[in-house]
Number of protein chains: 2
Amino acid sequence: MSNKWVYLFGEVAQAEQAMGSWDGVRGLLGGKGANLADMMRAGLPVPPGFTVTTRGCMAYINSGFNLPEGMWEQVLTALAQVEKEANKKFGDPSNPLLVSVRSGAKFSMPGMMDTILNVGLNDKVAPGMIALTGNERFVWDSYRRLLAMFGHTAMGIDDEAFDHVMNALKAELNVTLDTELKAENLKELVKRFKQVYVQELGREFPQDPLEQLQIAVRAVFDSWMGKRAIDYRRVEHIPDDLGTAVNVVTMVFGNMGDDSGTGVAFTRDPATGQRVIYGDYLLNAQGEDVVAGIRNTKKVADLGDDMPAIAEQLQAIGKKLELHYKDMQDTEFTIEKGKLWMLQTRNGKRTARATVKIAVDMVAEGLITKEQAVMRVTPKDVDFFLHPQFDEKAVKAAKLAGRLLAEGVNASPGAAVGKLAFDANTAEAWGKAGEAVIMIRAETKPDDVHGMVASKGILTSRGGATAHAAVVARQFGIPAVVGAAALHIDQDLREVTVAGRTLKEGDIVSLDGATGQVYEGTLPKVDPDFKKEVELATLLGWADEISANAGARQWEAGLQGFPTRGLQVWTNADYPKDARRAREYGAKGIGLCRTEHMFFEQERLPHVQDMILNAEEAQKLLNVVSRYERILETGKEEGQAIKEARRDEIEAELEKARTDVVESPAVKVYRSSLDFLLPYQRSDFYGLFEAMDGLPVIIRLIDPPLHEFLPTLETLLVEVTDLEADLDLPRTGTGKQLLGETLSAKRKMLTAVERMHESNPMMGLRGIRLGIIFPDIMKMQVRAIFEAACDAAAAGYAVHPEVMIPLTGHVNELKLTQAELEKVARQVMTEKGREISYKFGTMMEIPRACVTADAVAGLAEFFSFGTNDLTQMTFGYSRDDAERRFLVEYVEQGILPVNPFQTLDAEGVGALLRMGVRKGRAARNELEVGICGEHGGDPESVEFCYLAGLNYVSCSPFRVPVARLAAAQSAIKHRGKLLD
Amino acid sequence: MSNKWVYLFGEVAQAEQAMGSWDGVRGLLGGKGANLADMMRAGLPVPPGFTVTTRGCMAYINSGFNLPEGMWEQVLTALAQVEKEANKKFGDPSNPLLVSVRSGAKFSMPGMMDTILNVGLNDKVAPGMIALTGNERFVWDSYRRLLAMFGHTAMGIDDEAFDHVMNALKAELNVTLDTELKAENLKELVKRFKQVYVQELGREFPQDPLEQLQIAVRAVFDSWMGKRAIDYRRVEHIPDDLGTAVNVVTMVFGNMGDDSGTGVAFTRDPATGQRVIYGDYLLNAQGEDVVAGIRNTKKVADLGDDMPAIAEQLQAIGKKLELHYKDMQDTEFTIEKGKLWMLQTRNGKRTARATVKIAVDMVAEGLITKEQAVMRVTPKDVDFFLHPQFDEKAVKAAKLAGRLLAEGVNASPGAAVGKLAFDANTAEAWGKAGEAVIMIRAETKPDDVHGMVASKGILTSRGGATAHAAVVARQFGIPAVVGAAALHIDQDLREVTVAGRTLKEGDIVSLDGATGQVYEGTLPKVDPDFKKEVELATLLGWADEISANAGARQWEAGLQGFPTRGLQVWTNADYPKDARRAREYGAKGIGLCRTEHMFFEQERLPHVQDMILNAEEAQKLLNVVSRYERILETGKEEGQAIKEARRDEIEAELEKARTDVVESPAVKVYRSSLDFLLPYQRSDFYGLFEAMDGLPVIIRLIDPPLHEFLPTLETLLVEVTDLEADLDLPRTGTGKQLLGETLSAKRKMLTAVERMHESNPMMGLRGIRLGIIFPDIMKMQVRAIFEAACDAAAAGYAVHPEVMIPLTGHVNELKLTQAELEKVARQVMTEKGREISYKFGTMMEIPRACVTADAVAGLAEFFSFGTNDLTQMTFGYSRDDAERRFLVEYVEQGILPVNPFQTLDAEGVGALLRMGVRKGRAARNELEVGICGEHGGDPESVEFCYLAGLNYVSCSPFRVPVARLAAAQSAIKHRGKLLD
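The model shown is predicted, which means the values in this text are computed figures rather than measured ones.

**Q** What is the right way to look at the overall build of chain A in this model?
**A** Helix and strand content of chain A: 38 helices and 35 strands. Reported as C-alpha extents along the three principal axes, the dimensions of chain A are approximately 120 × 80 × 55 Å. Classification of the 980 residues of chain A by burial places 58% in the buried group. Contacts spanning at least 24 positions in sequence make up 69% of the contacts within chain A whose residues lie at least 6 apart. Accessible surface, chain A: about 38,700 Å² in total, of which carbon and sulfur atoms supply 51%.

Laid out in structure tokens, this is it:
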């Protein structure tokens, strides 16, 4: 590695040659240094200066905080050159050069790094400067600023020490504002600040300008390892080994009279994205004053009133900078005695709205391409448009007023205000009555869903970002704060105690799912309307175009199995209203409709429970009939042709089995429950086909273990034990009898639940296993799907049902189930006299299915990777338990880089997924492959899916726009890369 | 495919040429036909005949039970040739040829297929034969036999129809034995039997000999599809598409006078393996009579007394056959008028004991090689030597006496007799008092283990072959019958009702873990002694030799990573007595010592519970101290060097954290519990090192979720609810107070259990996850291991501890844990002043670990595939639930070929395992790889492990001999095959 540690601004070409790219230059000199040098090269007025490199910083840190060999000599040489260019001399009282020493990392880390101005001032230089400028106050003011900044930043003296002295002096003088201090007061302050050094450090302020400079450079380097900087990097995923550069720049002064000034200018409005110069300035002031807000600033747009020529020059520079950097710039400038100096330019921070508008505008202006525009918008920006937000000022005010109740995990973004409801039924009742409800629970369960979907927001005291509450909330786009541990919920009293206050059911709270904060009372909201966001629609349209083109390109390049239409975005939607919303958000299909949510609805649940309680007995009888029928139909038993005699036997046995079926009360209840549910399911599906007219709809057959639809074992145990104790009490007549009847019913339910109890229900009797043990449930569902599809087709809709069988682990499971279900499908189509184009496929969520995907693809026409469960099985993590018990600690300790339920684990789970895709496509080239886990809405995971050559990602409606962006960004990022 | 359907015995060379191998000939002609032809080729006296091929059979079945084209013509041609050789004519009354028509499949299926003798007899031939032989009785007897056999076997007439006629005749004649029937009686019987045809079928017995022959041939073919044959094939894993051949052989008659006779001869004693001719014969009798036991047979060894020349000839033929077939032969012979005819030879069935002895003897005799001897013994044979058996006669008698109570899953072989105990504590108490106990439970749990190990047998009414009871039973070699659903256990009354009887606690039952049967009362046992089994020891010694040589050969052939010592057999042993036994059985190391079983012992459990109840609070404080200490020690925080100021801060915080630790009551209890457990664990391990002197000992650190050591949530819920109700009753003083205290303690425990409750404990906080969250538990264990190792080394034992960390899913988990634990190990060795050779490694049971095995092997020095859990995760099956809920049905329906918890699923789980081995060895060539799941003792799985290039399989002590055999058999079977 080169040991050139210092680059003059004029040496930018040399840096570029050394690094090979502009990005490399930014890495070496930091964003600020690189841009200053770059501006100088572009002929813009930049004060002379130089940069000590980021490599220098890392060499310094890695050698145990020592300046590497040769660095200081190079600083001195560069300083000499700056003296020459500035025509001033560092430490020369007769013509002093002062410099600023500022950090500048590759990525902007505002407020994180430290700056020292006026380095080079000392007791000798100060009088010289006074003589030179005739502005005594300015010089002493500069000196006292140096002393304070240097003392705090470079020498580690507590800020308060200087504040204390300053305040004491103000008190003596009976003044309140800094500006009221006169030159002699500031001179006195300089004297006292110097005493602070002696008191705090036992040493004098270093008078030697070179010593000042060296300490300042070290201080900047040290600040890279400061706690705030480390924390910031952690949050923003900035690597620790980048280091910061140090920029040493000739000081220019905006406070040298009314022909001087200083300001901050954005080339466009960073709030709205409007193409107008934007910012503030002050005449006769130094940079800090603009930010500090001590004096009322003026708008840069009005600079022409004060200095028309400078204003024009600034406008021109802004245009030039935008043309050069192809982005909106955030600049700092100073006017020193009528001369404009540019002190900094960088890509300006902006709101999500401005980001989108500027990107789209710049394409129209010919500044950037559509692809560049797409790359410039982040998923977070897009997300902003999808959730109502609290008014920022109101949030600040609420905090000041002490209305912040608690903070939890920001599980599902969005702002919600409503009345607290302590259970799902209350939430549903109030919600249906048109009230805004915040459902509050310790944690939620599947049978809370009807209350959750009726709520405006969800608040829990337990669980993490992938707890049930969080998952469902994201799925339905309901704002949620989960795991707010400070909440003490008393379910009996129906109240929650937090931060010393007690809120009752019905009290109003405001909840911000983006920040995880919960406030007492109502906060006003700003509610964005997706349809009105024309610029965003334009941008996402480009994103889709880019994705599709990338697919076509890859396909033309002969990449086997790559989807011609590129990576599409589909949606997970269980209800027509979700489907409609997702379509509005740009979804190209439904990748997952979960049919079991439909089972939980209040009027259906009793029938579902009847079905379950009789399923085992009934299905056993029904399965006997099916088996005999199958044998007679195929003429084969266990793969072998049967003889006539055996046929007679079987016919007799079939007859008997049919009689058993007819006589069985269990079968009666089982069938009537299924018959009851059929029309409900049919109408559910009809609604989806209607909403998704012309697009594919993947419907997943029942997945969860049946006992999830029954009360829990724990509840029943307590209820039965309670009832038993009650019955022991002396009691008479009807009361006793009623109690006895209740007990008997509960005991019956308890017996069923005990029989169905599973140690690890996640790995239990669910998905396709249900399809094999209780085939009639899935058959009912398939009948409902195809009846709905035929009806919808008859009504003129273009329907594309795809039936998804969950949890396949072995191809033989699919063999049996798919054949039986397809038979039902064909039968319905015959009955309805209609041919529907359909697919049968499976969810890939069992590791074994991935490992044997070639066999599975022999039958399945599509794969949908259920990456939630696949992650559970591959890691051996139970999602319900892992976050609560160890996963948070795993991420904190860096054992896992991220929570694998949020971002797909490419190394492990991803390797299985890729194996599945590869093997699956090898067996069936046109295999449709997607994912429908929560990862489908996570940008990093979307990128993985692009690389794995998937046809689509499916995510909750509210993540669709984000996923569209992420898909396009992946296509751009990896253009031309070969995929396996 | 050739359409030569018929081979004369003399055409065996032609058949051999067509098929390319002797095995092919056996496949084509069936075992019986091939051997008859082969004997004829060897010059032995075989009656002329021919064989209709198995291919003919399949062609017949597949064409819907029609004779394929050309077959019948070929039969007629062959028959003509036989007539020529026998110098008789089929259907010619003056010189009639009779034939037997017998089935003969490739694999012997005794009793499964049907035989018809005397085909060719009819109303015309019978008088001719009488004239020819002068033996009227013999002819009518032959004819009536033909009628009955033909009628039943070929025409489907019920046996009873003939029996009925026969009995009626006997009644008329007032005789009881067949032999009492005179010639004229038999003639009458022939008449009446012929009437049966008319009555039952409405047709006459076919008089045309050719028609008889064709019907008989078809009948044999049909019998291949008979229910008994299909069932037998299912059990014995014989493919359905092999078919059976039909042998048509000239009849010879042993009942033509005192110079005639018939018999069955084994070339060695099939019960003991002794090298003596063995069998029975009768003079002047037909084959059936020997088997039927109507007359007292004579021993073939004494044949010399009657017919010295024939006896000598038979001896000589026996030797010749053994020399030819290299195996003990089971022959049938007939002497017709002083001439010996061999009617059949086949490898003789024999007992396990005889199998081993004959194999070993034949090596000594130079008949076969050691490898052939090893291949000849089955795992089942070896298993016989390891478990006590019930006396067979006693079993029969008990069945007749109606003492069979129930049948369940034969979960762990062996015979056990004892008193029923209804819970673990009773079982333990009685067991320790020296009583033989059969523990009976609905199902068992980990905290039943202390009772199980004290029992002679285990009996449950629920669960399958891999239920907890079954797994533990096999592990400890305790006979077990599980899932005997007919048992109705009343835990409160402490009695079990079954088959109309009620047994009380203390009543005696006999249980056969090999058959799954349970008997009332005591059955006498035969108890084998492994040490005395010299022949078995010799054979297994050869097996080890073969395995080791195979390893060396593969290794010399340059097969990367193949273990030089071949596939060894290690053992799963938790206690020294198990280790000693396993060593006696030939184990070459301990592959799995489960340390948590030690925690369940009665005197330790309270301390374990104390440890658990305080772990969370205590470890949180202790972890803070560790973290600061680590930072100070390494001088780094989160990978970055720390500055002096930060060091001071951390020192201060460390000081505070240490104070917190000292002051915490939780830490006090936590530490004192760990201190209490340390010496116990140390002495556990010392015993293992002592027993395994010189061999490796892999000790797995604590694996199960901690809540397994606490009462269940369900129990506590009921107890607390009960106590609450009790407290509500009017009560006074001390009683109430005591009740209150109990309730309070239970509530505390309930709170802890609720907090630790997991939805899916299998995938919860266990294994290495515990090591990260509660590091001090594993540290205590590692300290105990190394203290014990150093002490054992000091006492002169050669110790090779290998520390196994369970459940790694991500290499970073191992990184953290292994480093911390190795530090403890080194510290102990320093304290003890001793260097021990050791390894650190991990269990591979999480799919992700297999997928990322290269990274894991960067740290782990050995892999031990925990195929139980790996199977659970790969299939997504919870073992506790799957068998009960759907796995049995899966296997029954053929969705899975076998239960994957019994035989490793090579296609899915095995693919992950192989991936793990390949990637692991690529990263670390000398990586030691084994499996320690239950599959280690399953022969088919052992073969898989051989092919995967593993260093060892580890299984329960009682499976070690079987695994040694299976390993050698794999090496022989796959010799020279390349492994990946």
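That covers the picture; the talk isn't over yet.
**Q** Please explain the sheet that holds strand β22 (residues 501-504) of chain B as it appears in this structure.
**A** Within a sheet, neighbouring strands are paired by backbone hydrogen bonds and run either parallel or antiparallel to one another. All names here are of chain B. On the basis of which strands lie adjacent, the open sheet formed by three strands has the order β20-β21-β22 and antiparallel pairing. Across the chains shown, the open sheet's two edge strands, defined by having one partner strand only, are β20 (488-490) and β22. Within the sheet, the average angular offset between the axes of one strand and its neighbour, ignoring direction, is 20°. Pairing of β20 with strand β21 (residues 495-498), which is carried by three bridges, proceeds in the antiparallel orientation. Bridged to H488 within β21 is T497.

**Q** Can you walk me through unusual backbone geometry in this structure?
**A** Residues apart from glycine generally show negative phi values, whereas peptide bonds are mostly found in trans. With phi around 65°, A:N118 is a residue other than glycine that occupies positive phi space. The class of A:N118 is buried, set by a relative accessible area of 0%. Even without being a glycine, B:N174 presents a positive backbone phi close to 60°. Note that B:N174 resides in the loop between α7 (159-173) and α8 (183-201).

**Q** Please explain the pairing of strand β7 (residues 244-250) of chain B as it appears in this structure.
**A** Side chains on a regular strand alternate between the two faces of the sheet. Residues and elements named next belong to chain B. For β7, the buried fraction is high: seven of the seven residues fall into the buried class. Side chains of β7 alternate between two faces, with T244, V246, V248 and T250 and A245, N247 and V249 buried alike. By the bridge criterion, four bridges tie strand β2 (residues 49-52) to β7 in an arrangement that is antiparallel. Bridging from a neighbouring strand, F50 pairs with V248 of β7. Relative to β7, strand β5 (residues 99-105) is paired through seven bridges, and the arrangement is antiparallel. Its bridge partner lying in β7, S103 is registered against V246.

**Q** Please explain the relation of the copies chain B and chain A as it appears in this structure.
**A** Relating one copy of the chain to the other requires a rotation about an axis plus a shift along that axis. Least-squares fitting of chain B to chain A yields an RMSD of 0.3 Å, with the superposition described by an axial translation of 0.1 Å and a rotation of 180°. Put plainly, the chains are arranged around a two-fold axis. Across chain B, the rotation axis passes nearest the C-alpha of B:N760, at a separation of 2.2 Å. When the interface residues of chain B are mapped onto chain A, 99% of them again lie at the interface, so the same face is used by both copies.

**Q** Help me understand the packing of aromatic side chains, please; the structure alone is not making it clear to me.
**A** How two aromatic rings sit relative to each other is given by the distance of their centres and the angle of their planes. Under the criterion given, the structure shown has 50 aromatic pairs over all chains. A ring pair is formed by B:F266 and B:Y278, whose centres lie 6.1 Å apart and whose planes are at 70°; its orientation type is edge-to-face. Residue B:F266 is located in strand β8 (residues 261-266), and its partner B:Y278 is located in strand β9 (residues 278-283); the two are separated by 12 residues in the primary sequence. Of the residues examined, B:Y278 reaches a relative accessible area of 36% and is grouped as partly exposed. What links up through ring pairs into an aromatic cluster is the set A:W140, A:Y143, A:F150, A:F162, A:F193, A:Y197 and A:F205. Against the face of A:W430 rests A:K419, its NZ or CZ located 4.7 Å from the ring centre. Lying across the ring of B:W341, B:K339 places its NZ or CZ 4.4 Å from the centre.

**Q** I keep staring at the packing of helix α2 (residues 22-41) of chain A against helix α13 (residues 308-325) of chain A and nothing clicks. Help me out?
**A** When two helices pack together, their arrangement is given by the angle between the helix axes and the distance between those axes. Residues and elements named next belong to chain A. Relative to each other, α2 and α13 sit at 115°, their axes nearing to 12 Å. Between α2 and α13, the crossing angle belongs to the class labelled roughly perpendicular. For the pair α2 and α13, the crossing hand works out as right-handed. Residues N35, D38 and M39 of α2 touch α13, and the partners they reach there are L321, H324 and Y325. In terms of residue class, the contact of α2 with α13 is made up of three nonpolar, two polar and one charged.

**Q** Would you mind showing me how to read the state of the cysteines here?
**A** Disulfide: a covalent bond formed between the sulfur atoms of two cysteine residues. Residues and elements named next belong to chain B. Applying the stated criterion across every chain, the model contains zero disulfides over all chains. Here C945 stays unpaired: no disulfide links it, and the sulfur of C955, its closest cysteine neighbor, is 10 Å away. Using a relative accessible area of 0% as the deciding quantity, one classes C945 as buried.

**Q** Before we go on, may I ask you to explain helix α28 (residues 733-756) of chain B in this structure?
**A** At 3.6 residues per turn, the α-helix brings residues three or four places apart onto the same side. With 24 residues, α28(B) should cover 34 Å at 1.5 Å per step; its first-to-last C-alpha distance of 35 Å lies within 8% of that length. Here α28(B) has its buried residues at B:L739, B:L743, B:M749, B:L750, B:A752, B:V753 and B:M756.

Rules behind the numbers
- Residues numbered from 1 in each chain as written.
- Chains lettered and ligands numbered in written order.
- Predicted model: local features only at pLDDT ≥ 70, side-chain atom pairs only at ≥ 80, totals over all residues.
- Heavy atoms only, no water.
- Helix = DSSP H or I, 4+ residues; strand = E, 2+ residues; numbered from the N terminus.
- Buried < 20%, exposed > 50% of the residue type's maximum accessible area, 1.4 Å probe, protein only.
- Contact = heavy atoms within 4.5 Å.
- Areas by Shrake-Rupley, 256 points an atom, 1.4 Å probe, with all protein chains shown as cover.
- Pairing = 2+ DSSP bridges.
- Axes fitted to C-alpha atoms, helices over the stretch in contact; angles between N-to-C directions.
- Least-squares fit on C-alpha atoms with pLDDT ≥ 70 in both.
- Phe/Tyr/Trp six-rings, centres within 6.5 Å; stacked < 30°, edge-to-face > 60°.
- Lys NZ or Arg CZ within 6 Å of the ring centre and 35° of its normal.
- Parallel < 35°, antiparallel > 145°, perpendicular 65-115°, else oblique.
- Left-handed = near helix turned anticlockwise from the far one by under 90°.
- Nonpolar A, V, L, I, M, F, W, Y, C, P; charged D, E, K, R; others polar.
- Disulfide = S-S within 2.5 Å.
- Expected span 1.5 Å × (residues − 1).

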